[in-house]
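# Notes for the structure review
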Amino acid sequence: MAVNTTPEAPLPVGEVSRLIGGWIDRLGAVWVEGQITQLSRRPGAGVVFLTLRDPSYDISVSVTCYRQVFDAVADVVSEGARVVVLAKPEWYAPRGQLSLRAAEIRPVGVGELLARLEQLKKALTREGLFAPERKKPLPFLPQLVGLVCGRASAAERDVLENARHRWPAVRFEVRNVAVQGVHAVPQVVQAVKELDAIDDVDVIIVARGGGSVEDLLPFSDEQLIRTVAQCRTPVVSAIGHEPDNPLLDHVADLRASTPTDAAKKVVPDVGEEYERVRLLRDRARRCVAALVDREERGLAHALARPSIQDPHRMIDVRADQVADLLDRARRCLRHQLDRADSELSHTHARVVALSPAATLKRGYAVLQKADGHAVRDPGEVTAGETLRARVSEGGFSVRVDT
């Protein structure tokens, strides 16, 4: 509970320490998991001192236990081992220090570690951190490669030598870190973040040689996995050898079986690229030559056609055809006109022969009444009626007698 204090009524240091001790005592015994970083077993001393560290968050706490508690696991527990401790928090008031009093220590076996890693793998898989669609493609020719590895390690030598042998112009930005032990996770995480923040770094390689399951545990740490998942730069995992499979392999954009394999997959071989360029150039030359040959044959074939060799021949042939058709049209038209003229002459003769004027010329006359109607029946006239007689050369009046 909160304690009410004022500048005029402060609490003494001893009272504050006593209150803290009281609050801590209420916690009771707890099971704690961590990695032993320091171990002190003084000869003849009845108490063993050790430091328990959380490698993911770089947090440590002091632990004390009686010798008989530690002797029960002394053969299987040493510095760097992961353990589970049943301990009660204790507050040492004179120095203001927090520690854990261990009543039982249990080593974490390989089988249990693998089971926990499998659980973590399933949880991260459900989150989608290992999904293939999240993988970023590697650049074809990286100019600057970030490398996270142990100092003066075989992994560093393999990556640098193989990469520079394949492409001498490639440059590296190397971060040497601890690749096992309690400091591995924070240092690797920091190195990856630093390289990812450099704009010129095209790809990051995290490399380490082979080792036991315990040695490779830092590369299955959840904090490291999430850091790699958030990187904008492609990350290549080159941890251990072919059988080794830490969780970093699943979240990385590319897994390499060894550091040497990582160098081969990240950096192209200059000799192979020269040979590929030569083959492509030869192929392009053959394609262009074949295209030119094909077009030349097509042009020669086109030039061999009569329409190209004698372009006026078709016009001359058409001109002769037009002349023949024109002459034929003229003959047909002349024939049609002649026949029409003949028919017109015959028709004209018939019309002239059958016309009233011709009849009148033969001595006939046409009698017309005053209204102009021709007289065809004697019953149409009366005695004394004046009629008009029309003859060939004119007309005259006549009177009907009876």
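Scroll up to find the structure this text is about.
Residues numbered from 1 in each chain as written. Predicted model: local features only at pLDDT ≥ 70, side-chain atom pairs only at ≥ 80, totals over all residues. Heavy atoms only, no water.

### What about the overall build of the protein?
Here is the rule we go by: Strands are runs of DSSP state E lasting at least two residues, helices are runs of H or I lasting at least four, and both sets are numbered from the N terminus onward. Both definitions apply: the radius of gyration is a C-alpha atom measure, and the globule rule equals 2.2 Å times residues to the power 0.38. Each residue gets one of three labels from its accessible area relative to the maximum for its type: buried under 20%, exposed over 50%, partly exposed in between, using a 1.4 Å probe on protein chains only. In this analysis, two residues are considered to be in contact whenever any of their non-hydrogen atoms come within 4.5 Å of each other. With residues, only the protein chains shown are counted as cover, and all accessible areas are computed by Shrake-Rupley using a 1.4 Å probe.
The helix and strand tally for the protein stands at 12 helices and 13 strands. Taking 402 residues into account, the globule formula puts the C-alpha radius of gyration at 21 Å, and the protein, at 60 Å, lies well above it. The principal-axis extent of the C-alpha atoms belonging to the protein is close to 190 × 70 × 45 Å. Taken over 402 residues, the protein has a buried fraction of 31%. Pairs at least 24 apart in sequence give 59% of the contacts found in the protein among residues at least 6 apart. Accessible surface for the protein amounts to roughly 25400 Å². Of this, 55% is attributable to carbon and sulfur atoms.

### Here's the deal with a nonpolar patch on the surface
In plain terms, the rule: Note on patches: the residues involved have over 30% relative accessible area and no salt bridge, like charges join within 9 Å, and the nonpolar side chains Val, Leu, Ile, Met, Phe, Trp and Tyr join within 5 Å. Any Lys or Arg side-chain nitrogen found within 4 Å of a carboxyl oxygen on Asp or Glu counts as a salt bridge.
Residues Val3, Leu11, Val16 and Trp23 make up a contiguous nonpolar surface patch of about 300 Å² in total accessible area. We classify Trp23 as partly exposed; its relative accessible area is 38%.

### Some words on empty space enclosed by the protein
Unfilled space is identified by rolling a water-sized probe across the atoms. How we decide: The pocket and cavity definitions rest on a 1 Å grid over protein atoms only: a 1.4 Å probe that fits but cannot leave marks a cavity, an open set with protein on both sides within 12 Å along at least five of seven lines marks a pocket, and residues lining either have an atom within 4 Å of a point. Grid points are joined across faces, edges and corners, and a volume is the space filled by probe spheres set on the points. Throughout, the ten residues Ala, Val, Leu, Ile, Met, Phe, Trp, Tyr, Cys and Pro are labelled nonpolar, Asp, Glu, Lys and Arg are labelled charged, and all others, Gly among them, are labelled polar.
A complete count under the given rule lists one cavity of 30 Å³ or more for this structure. Each pocket or cavity is described by its volume, and for the largest cavity that value is around 30 Å³. As for the largest cavity, its lining consists of Arg134, Lys135, Lys136, Val228, Ala229, Val251 and Asp253. Residues that form the lining of the largest cavity fall into these classes: three nonpolar, no polar and four charged.

### Things to note about the sheet that holds strand E13 (residues 394-399)
Pairing between the strands of a sheet comes from backbone hydrogen bonds, and it takes one of two forms, parallel or antiparallel. We count it as follows: In this scheme, strands are said to pair when DSSP sees at least two bridges between them. Inter-axis angles, ranging from 0 to 180 degrees, are taken between N-to-C directions of lines fitted to C-alpha atoms, where helices are fitted over the stretch in contact.
With antiparallel pairing, the three strands of this open sheet are ordered in space as E11-E12-E13. The open sheet is flanked by strand E11 (366-368) and E13, the only strands paired with a single partner. Each neighbouring strand pair of the sheet contributes to a mean axis angle of 30°, computed without reference to strand direction.

### Some points on unusual backbone geometry
For Ala152, which is not glycine, the phi dihedral falls at a positive 50°. Locating Ala152 in the fold gives a position in the loop between strand E6 (144-149) and helix H4 (154-166).

### A short note on the packing of aromatic side chains
Convention followed: Note on ring pairs: Phe, Tyr and Trp rings are taken, using the six-membered ring of Trp, and paired if centres are within 6.5 Å. Classes follow the plane angle, with under 30 degrees stacked, over 60 edge-to-face and the rest tilted. By definition, being over a ring means that NZ of Lys or CZ of Arg is both within 6 Å of the ring centre and within 35 degrees of the ring normal.
Enumeration according to the criterion identifies zero aromatic pairs in this entry. The ring of Tyr66 has Arg101 lying over it, and the distance from NZ or CZ to the ring centre is 5.0 Å.

### Some thoughts on the state of the cysteines
For clarity, the threshold we go by: Disulfides are defined as pairs of cysteine sulfur atoms found within 2.5 Å of each other.
Under the definition given, this model contains zero disulfides. Cys231 takes part in no disulfide bond, and the closest cysteine sulfur, belonging to Cys149, lies 16 Å away. On the accessibility criterion, Cys231 (6% relative accessible area) is buried.

### Here's the deal with the sheet that holds strand E5 (residues 97-107)
An order of E1-E2-E3-E5-E4 is seen for the five strands of this closed barrel, with the pairing classed as mixed. Strand-to-strand twist of the sheet, defined as the mean angle between neighbouring strand axes without regard to direction, takes the value 55°. As defined by bridge partners, strand E1 (residues 30-40) adjoins strand E2 (residues 47-54) across five bridges and the pair is classed as antiparallel. Within the sheet, the bridge partner assigned to Ser40 lies in E2 and is Phe49.

### What about the pattern of salt bridges?
Considering all chains together, one arrives at 18 salt bridges under this definition. For Lys88, the salt bridge is made with Asp25, and the minimal N-O distance between the two is 3.6 Å. Note that Lys88 is positioned in strand E4 (residues 82-92) and Asp25 in helix H1 (residues 13-25), a separation of 63 residues in sequence. Given the relative accessible area of 33%, Lys88 is considered partly exposed. Of the charged contacts, one joins Arg285 and Asp282 as a salt bridge, the two residues approaching to 2.9 Å between their closest N and O atoms. Taken as a pair, Arg285 and Asp282 lie in helix H9 (residues 270-303) at a separation of three residues, close to a single helical turn. Taken together, the shared-partner salt bridges in this structure form one network comprising Glu275, Arg278, Asp282 and Arg285.

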